[in-house]
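A closer look at the structure
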Amino acid sequence: MAMTRNTKDTTRSDALEAGLLTGAIAAALVVYAALYGEAAWSFAQAESRYRAVAAGKPVTIVELDALTQALRASPARHDLSRAALVQILAAEQTGVSSLRAISRLSAARRDLRLGVSATPTDAAAWTHLAMTELRLGHRQSAAAALAVAYRLKLTEPTLAATQFDLALALWPQLTVDAKAALERRLNWARDYAARNNLVEARSAAALRRVLASERGDP
């Protein structure tokens, strides 16, 4: 008789434990789904906000910092480079010579280095890295990043103007190979402008004159 009572108690206890375990797993899944949904919503919001900021929409420093954090938390590898660009914009708004701006630029450089390690064919990220290194006073590192950017395909044609401005600022640090890659980019920009009936950036004409002068062209 005692044996029968123990078996019933054990069976009831096992059923209770199984029910509690199932409930705990279900609750954990609900919490995970809620957190994942919130994160997905946050990333979706960050995407639209980033496009607006990149297009030149005026925003406050607080909004830029919030957007930076959202992009840093994103699982998408290219969002680190986007977070860096937002930090660069925040530094410009703060004043690039201020200590706060230097801190933002240093953080942007770190994110860009991680970004180009994950997506080494991102010409925009390499260009922004060159810009950031230059603003931090690291001219050789800036020239090296710019040289990589010249060798990569442009997905944003308007980025060429930024690359040409950087080339003028970094001319003494550019290697022979970098200048050759720059000249190919200049030829591409001229053809692109002609096909699309656009006016070339002023820095493009200035670079052609510098290149001609170095070669001794008449």
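The text that follows walks through the structure, step by step, so that each part is easy to find. All figures in this text were calculated on a predicted structure; none of them were measured in a lab.

Between its first and last C-alpha, helix 3 (residues 79–94) extends 22 Å over 16 residues, near the 22 Å set by a 1.5 Å rise per residue. Turning to helix 3, its buried residues are D79, S81, R82, A83, A84, L85, V86, Q87, I88, A90 and A91. Just beyond helix 3, the residue with positive phi is G95, at close to 115°.

Contact geometry of helix 7 (residues 159–169) with helix 8 (residues 176–195) gives a least axis separation of 11 Å together with a crossing angle of 140°. Taken together, helix 7 and helix 8 sit at an angle that is classed as oblique. As helix 7 packs across helix 8, the resulting crossing turns out to be left-handed. Contacts from A160, Q163, F164 and A167 of helix 7 reach helix 8 at L182, R185, L186, W188 and A189. Among the residues forming the contact of helix 7 with helix 8, the class breakdown is seven nonpolar, one polar and one charged.

Further remarks concern the nonpolar core. With 42 residues, the main nonpolar core has W126, L146, F164, L174 and L182 as its most contacted residues. Broken down by secondary-structure element, the contributors of at least two residues to this core are helix 3, helix 4 (99–118), helix 5 (123–135), helix 6 (139–150), helix 7, helix 8 and helix 9 (202–215). The element best represented in this core is helix 6, accounting for eight residues. The contact partners of F164, leaving out residues within four places of it in the chain, are Y150, L182, R185, L186, A189, S203, A204 and L207. Of all hydrophobic cores here, the second largest spans twelve residues; its members include A46, V59, L64 and V86.

What follows deals with the pattern of salt bridges. Within this structure, the stated rule accounts for ten salt bridges. In this structure, E92 engages R135 in a salt bridge whose closest nitrogen and oxygen atoms are separated by 2.8 Å. Residue E92 is found in helix 3, and its partner R135 is found in helix 5; the two are separated by 43 residues along the sequence. For E200, the salt bridge goes to R208, with nearest N and O atoms at 3.0 Å.

The volume enclosed by the largest pocket comes to roughly 610 Å³. If you go around the largest pocket, you meet 26 residues; those closest to its centre are Y50, A54, L85, H128 and E156. Those elements that provide at least two residues to the lining of the largest pocket are helix 1 (2–54), helix 3, helix 5 and helix 7. Considering every element that reaches the lining of the largest pocket, the biggest residue donor is helix 3, with seven residues. Empty space within the second largest pocket amounts to approximately 220 Å³. The set of elements that each furnish at least two residues to the lining of the second largest pocket consists of helix 7 and helix 8. If you tally residues by element for the lining of the second largest pocket, the top one is helix 8, at four residues. Within the lining of the second largest pocket, the residues separate by chemical class into twelve nonpolar, one polar and one charged.

What follows deals with the side chain of S203. Mapped onto the secondary structure, S203 falls in helix 9. On the accessibility criterion, S203 (6% relative accessible area) is buried. Separated by 3.0 Å, the side chains of S203 and D165 make a polar contact. Non-local contacts of S203, meaning those with residues more than four positions away in its chain, are made with A161, F164, D165 and L168.

The next thing to look at is helix 4. Between the first and last C-alpha of helix 4 there are 29 Å, a value that for 20 residues agrees with the 28 Å anticipated at 1.5 Å per step. When helix 4 is considered as a whole, its buried residues turn out to be A101, R104, L105, A107, A108, R109, D111, L112, G115 and V116. On its buried face, helix 4 sits against helix 2 (61–73), helix 3 and helix 5.

Rules behind the numbers
Residues numbered from 1 in each chain as written. Predicted model: local features only at pLDDT ≥ 70, side-chain atom pairs only at ≥ 80, totals over all residues. Heavy atoms only, no water. Helix = DSSP H or I, 4+ residues; strand = E, 2+ residues; numbered from the N terminus. Expected span 1.5 Å × (residues − 1). Buried < 20%, exposed > 50% of the residue type's maximum accessible area, 1.4 Å probe, protein only. Axes fitted to C-alpha atoms, helices over the stretch in contact; angles between N-to-C directions. Parallel < 35°, antiparallel > 145°, perpendicular 65-115°, else oblique. Left-handed = near helix turned anticlockwise from the far one by under 90°. Contact = heavy atoms within 4.5 Å. Nonpolar A, V, L, I, M, F, W, Y, C, P; charged D, E, K, R; others polar. Core = buried A, V, L, I, M, F, W, Y, C linked by side-chain atoms within 4.5 Å. Salt bridge = Lys/Arg side-chain N within 4 Å of Asp/Glu carboxyl O. 1 Å grid on protein atoms, 1.4 Å probe; cavity = no way out; pocket = protein on both sides within 12 Å on 5 of 7 lines; lining within 4 Å. Points joined across faces, edges and corners; volume = space filled by probe spheres on them. Polar contact = N/O pair within 3.5 Å; in protein donor to acceptor, adjacent residues only side chain to side chain.

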